[in-house]
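# Examination of the molecular architecture
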Amino acid sequence: MLLHNLLVRFDNFRMAEKEIVIETIRSLPDNCSLDEIAERIEFMAAVRKGLDQLDRGEGIPHEEVKKQLAPEARIDTPDVRTGTSEV
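The following refers to the structure shown.

So, how was this worked out
One numbering rule holds for all chains: residues counted from 1, following each sequence as written. Side-chain atom pairs in this predicted model are given and counted only at pLDDT of 80 or more, local residue features only at pLDDT of at least 70, and totals for whole chains, interfaces and linings cover all residues. As a rule here, side-chain values cover all heavy atoms of the structure and leave hydrogens and water aside. In the sections that follow, a salt bridge refers to a side-chain nitrogen of Lys or Arg positioned within 4 Å of a carboxyl oxygen of Asp or Glu. Counting from the N terminus, the helices are DSSP H or I runs at least four residues long and the strands are E runs at least two residues long. Any residue under 20% of the maximum accessible area for its type is buried, any over 50% is exposed, and the rest in between are partly exposed; the area is computed with a 1.4 Å probe on protein chains only. Note on geometry: axes are C-alpha line fits, over the in-contact stretch for helices, and angles between N-to-C directions span 0 to 180 degrees. Angles below 35 degrees are treated as roughly parallel, those above 145 as roughly antiparallel, those between 65 and 115 as roughly perpendicular, and all remaining angles as oblique. Note on convention: the crossing is left-handed when the near helix lies turned anticlockwise from the far helix by less than a right angle, right-handed when the turn is clockwise. For this analysis, residues touch if any pair of their heavy atoms sits within 4.5 Å. Without a salt bridge and with relative accessible area above 30%, a residue can belong to a patch; like charges are then joined within 9 Å and nonpolar side chains (Val, Leu, Ile, Met, Phe, Trp, Tyr) within 5 Å. Methods summary: accessible areas were calculated by the Shrake-Rupley approach with a probe of 1.4 Å, and residue burial reflects only the protein chains presented. Positive charges come from Lys and Arg alone, negative charges from Asp and Glu alone, with His and the N- and C-terminal ends not counted. One atom stands in for each charge, and that atom is NZ of Lys, CZ of Arg, CG of Asp or CD of Glu. By the criterion applied in these results, polar contacts are pairs of N or O atoms within 3.5 Å in which, for protein atoms, one can donate a hydrogen and the other can accept it, and in which residues neighboring in sequence qualify only through two side-chain atoms.

### Brief notes about the pattern of salt bridges
Following the criterion strictly, the structure yields three salt bridges and no others. Between Arg26 and Glu23 there is a salt bridge; the shortest N-O distance is 3.1 Å. With a gap of three residues between them, Arg26 and Glu23 both fall in helix α2 (residues 17-27), about one helical turn apart. Two residues, Arg56 and Glu58, come together in a salt bridge whose shortest N-O distance is 2.9 Å. In this structure Arg56 comes out as exposed when scored by relative accessible area, which is 51%.

### Some thoughts on the environment of Glu17
Residue placement: Glu17 occurs in helix α2. Distance in space between the C-alpha atoms of Glu17 and Arg48 is 9.3 Å, their sequence separation being 31 residues.

### Describing the packing of α2 against helix α3 (residues 34-55)
For the pair α2 and α3, interaxial distance at closest approach is 10 Å and the crossing angle is 135°. Here α3 runs oblique to α2, going by the angle between their axes. The handedness of the crossing between α2 and α3 is right-handed. Here α2 contributes Glu17, Ile20, Val21, Thr24, Ile25 and Ser27 to the contact with α3, which in turn contributes Ile37, Arg40, Ile41, Met44 and Arg48.

### Describing a negative patch on the surface
A contiguous patch of negative charge, built from Asp35, Glu36, Glu39 and Glu42, is present on the exposed surface. Inspection of the secondary structure assignment puts Glu42 in helix α3.

### Considerations on a nonpolar patch on the surface
Among the surface-exposed residues, Ile60, Val65 and Leu69 lie close enough to one another that they form a single nonpolar patch of about 240 Å² accessible area. Considering the arrangement of structural elements, one finds Val65 in helix α4 (residues 62-68).

### Focus on the side chain of Glu23
Glu23 sits in the buried class, given a relative accessible area of 17%. At 3.1 Å, the side chain of Glu23 and the side chain of Arg26 are in polar contact.

Rendered as structure tokens:
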């Protein structure tokens with residue numbers, strides 16, 4: 001839940017990068033390793049990059065991604081609108 005709250009704040013206010021790192025580190029347990037800190041910061045950087053790409057209209061629609069996946073890699077998930085499974 002803490003990560004979700006940080007992502008919401010991050011997206012709503014477009015926090016400065018330094019502030020994102022500080023808040024990310026604060027959200028981690030006191031006994032976490034440097035590797036865990038680095039992984040979390042890398043994750044947050046990737047999220048920010050993805051959100052920036054979406055803001056520029058560079059995202060790929062979900063239906064297009066499903067078409068690009070090889071049939072054996074597709075996951076049969078129910079369509080929330082119809083309740084049917086579509087691949």
